[in-house]
Each structure stands twice: as structure tokens, then as C-alpha cells.
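# Tertiary structure, described
So you can see what is in the structure, the chains are spelled out below.
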Amino acid sequence: WTKFNGEREIFDDIVNLTKQKIYDDKLKSKDLIFSQKIEFQGVSFRYQSHLPLIINNINFKIKKGARIAIIGTTGSGKSTVVDLLMGLLHPVEGKIIIDGVPLTTEYTKSWKKNIAHVPQDVYLLDASFLENIAFGKRIDEIDIDRVMWASKKAQIFDFIDECDQSYDTLIGERGVSLSGGQKQRIAIARALYKKSSILVFDEATSALDDDTEKSVVSSIELLGRDITTITIAHRLTTVANCDWVYKLNQGCIEDEGNPEDIL
């Protein structure tokens with residue numbers, strides 16, 4: 001009885017999440033394709049009406065194909081800005097404009113299809129490389145040529161090709177047989193498999209050593225300018241190859257400029 005009551009809240013969360021997923025699937029969404037720029041116009045955000053602003057009147061632009069970095073101390077609002085950009089949160093004031101179109105609820109579902117997120121802690125299935133890169137797809141739905149293309153771009157192709165069973169090799173629970181850098185490359189390949197036009201790297205290299213981080217950052221740079229990348233980072237070395245850096249402090253843009261100037 002104690003266990004039942006202890007797990008009840010989790011069960012309710014799962015039921016509510018499932019209901020939300022069904023609602024999202026049924027929700028009619030207008031198409032929104034990113035081809036020019038993203039604009040934040042006077043964007044502010046707070047989690048509840050009685051709480052202070054987490055993001056306060058932010059204005060900036062991200063052009064298609066740019067390499068953008070967002071830096072700042074813990075609690076400065078970096079992840080909140082990216083959550084707003086991805087449509088996971090909505091501004092309490094101001095607008096987010098995509099190619100001249102305000103990002104409203106009717107466009108959110110379509111907008112999310114443009115974005116792939118690479119987190120710091122990558123979730124990996126106890127399954128094959130193939131299933132982990134084509135994450136969420138049934139075996140008979142997987143495009144092997146696309147998987148190979150994504151793994152080459154993420155610089156993990158040679159490693160997988162040398163494994164005994166190639167793409168059918170099992171990686172173990174949470175990728176126990178892989179190094180930190182290899183896990184991140186799998187995450188990048190997974191993001192590329194989606195063929196999203198925007199890649200968000202949320203502290204994706206913070207747990208890596210310097211040499212591995214440099215290798216992963218080089219992989220990102222080789223992706224081509226048809227893909228826009230937004231990198232959240234603590235370590236300044238992570239953003240050295242970016243075009244432009246925004247430094248946040250207490251929910252405001254404290255500084256911005258070329259990496260050389262900010263570093």
C-alpha cells in the first residue's frame with residue numbers, strides 16, 4: 001500500500017503526459033520553415049506570475065547557417081532562452097519571430113520539427129548503433145543510407161565500421177561500451193538523422209576532456225552552413241569556433257561579440 005501511494009504521483013504524471021501527446025498529435029499546426037532568421041523582440045519570461053523574471057527584455061537575431069553561442073554562469077538564463085527558442089516555453093512579453101512569422105501556438109508543432117537537441121547527458125538504448133542513431137524508428141522504417149551519412153558527418157562512421165557487427169553491434173545499457181566522446185558523436189548523428197535545420201547543443205561537451213571536446217567541436221564545424229547551430233556552454237573553449245557569442249547575466253544580455261572579443 002505504501003509503494004502504491006509512493007508511485008501514484010509518477011503514474012499520474014505519465015497519464016497526463018500521454019494525454020498531452022495525444023492532444024499534440026491531433027492539434028492542427030501550420031507549417032513553419034526556417035530559411036532566413038530567428039528574432040527575439042523584447043522577450044521576457046517568468047515561470048509564475050508572482051515570481052521574478054527569469055528572462056528580461058531580450059533582443060537578438062540568429063541568421064540561417066550561423067554558429068551562435070550562449071554563455072553565462074549557472075542561473076543566468078541560458079537554458080531558458082533555448083527552451084523559448086525551441087517552443088517548449090512561451091514568452092510572457094515580447095515575440096519570437098521566425099522569418100517574419102510570430103511563433104504562436106499554431107506554429108509550435110511544425111517549428112519543433114526544425115530542431116534537434118543534443119543534451120549533456122545523452123540517453124542511449126540498450127540496442128544497436130542503428131537503432132540509437134535512428135532513434136524512435138522501427139527497424140523496417142530505418143533508412144540505412146541516411147544513418148551512414150549522419151554517422152560520417154558526426155565522425156563516428158569509422159569506429160562503427162570497425163566493430164564486429166558494424167551498425168548491428170549492441171552498445172550496452174546507456175552505452176556502457178562507449179567513451180564520452182563516442183556517446184556525444186552518436187547524439188550528434190541522431191540529431192543529424194532527423195535532418196533538422198537547427199541543432200541545439202546544451203552543455204553537450206561539458207563532461208568531456210579537452211582533446212575529446214576539440215574533436216567533437218571540429219565535428220560540429222564540419223556540418224556545413226545549411227545547418228544553424230546554437231551552443232550553450234560554460235567553458236569558453238567550447239565557443240571559440242562560433243561566429244557570435246551572447247553572454248547572459250541575470251536574464252539579460254550583458255555582452256555580445258566575436259569569440260575573440262568575449263574570450
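Residues numbered from 1 in each chain as written. Predicted model: local features only at pLDDT ≥ 70, side-chain atom pairs only at ≥ 80, totals over all residues. Heavy atoms only, no water.

## Let's talk about the packing of aromatic side chains
Considering all chains together, one arrives at eight aromatic pairs under this definition. Both rings, one in Phe45 and one in Tyr47, keep their centres 4.8 Å apart while their planes meet at 85 degrees; by these two values the pair is edge-to-face. Judged by its relative accessible area of 48%, Tyr47 is partly exposed. Ring centres of Tyr123 and Phe135 lie 6.2 Å apart, and the angle between their planes is 75 degrees; on these two criteria the pair is classed as edge-to-face. In this pair, Tyr123 sits in the loop between β6 (115-118) and α4 (129-133) while Phe135 sits in the loop between α4 and α5 (144-153), placing the two residues 12 residues apart along the sequence. Assessed through its relative accessible area of 45%, Tyr123 is described here as partly exposed. Phe135 gets classed as partly exposed once you look at its relative accessible area, which sits at 40%. Following the ring pairs from residue to residue traces out a cluster consisting of Phe40, Phe60 and Tyr246. One cation-aromatic arrangement involves Arg146 over Tyr193; the distance from NZ or CZ to the ring centre is 4.6 Å. The ring of Phe135 carries the charged tip of Arg190 above its face, separated from the ring centre by 4.1 Å. (Phe/Tyr/Trp six-rings, centres within 6.5 Å; stacked < 30°, edge-to-face > 60°. Buried < 20%, exposed > 50% of the residue type's maximum accessible area, 1.4 Å probe, protein only. Helix = DSSP H or I, 4+ residues; strand = E, 2+ residues; numbered from the N terminus. Lys NZ or Arg CZ within 6 Å of the ring centre and 35° of its normal.)

## A look at the pairing of strand β8 (residues 228-233)
Counting buried positions over the six residues of β8 gives six, a clear majority of the element. Residue alternation in β8 divides its side chains into two sets, Thr228, Ile230 and Ile232 and Thr229, Thr231 and Ala233, and both sets are buried. Pairing geometry for strand β3 (residues 67-71) and β8, over five bridges, is parallel. Along β8, the bridge assignment pairs Ala69 with Thr231. Relative to β8, strand β7 (residues 198-202) runs parallel, the two sharing five bridges. Paired with Ile198 across the strands is Thr228, a residue of β8. (Pairing = 2+ DSSP bridges.)

## Some points on the packing of α5 against helix α7 (residues 180-193)
Packed helices, taken two at a time, are described by the angle their axes make and the gap between the axes. At their nearest, the axes of α5 and α7 sit 8 Å apart, and the two run at 130 degrees to each other. Between α5 and α7, the interaxial angle falls into the category oblique. Here α5 runs over α7; the crossing is right-handed. Contacts between α5 and α7 pair Arg146, Val147, Trp149, Ala150, Ser151 and Lys153 from the former with Ala189, Leu192 and Tyr193 from the latter. Within the contact of α5 with α7, the residues separate by chemical class into six nonpolar, one polar and two charged. (Axes fitted to C-alpha atoms, helices over the stretch in contact; angles between N-to-C directions. Parallel < 35°, antiparallel > 145°, perpendicular 65-115°, else oblique. Left-handed = near helix turned anticlockwise from the far one by under 90°. Contact = heavy atoms within 4.5 Å. Nonpolar A, V, L, I, M, F, W, Y, C, P; charged D, E, K, R; others polar.)

## Considerations on the sheet that holds β3
As summarised here, the arrangement of the six strands in space is β6-β7-β8-β3-β9-β10, forming an open sheet in which the pairing is mixed. This sheet does not close on itself; its edge strands, each paired only once, are β6 and β10 (252-257). Between one strand axis and the next, the sheet turns by 20 degrees as a mean value, whatever way the strands run. Helix-sheet contacts for α7 involve β6 and β7, and the interaxial angle to β6 is about 170 degrees.

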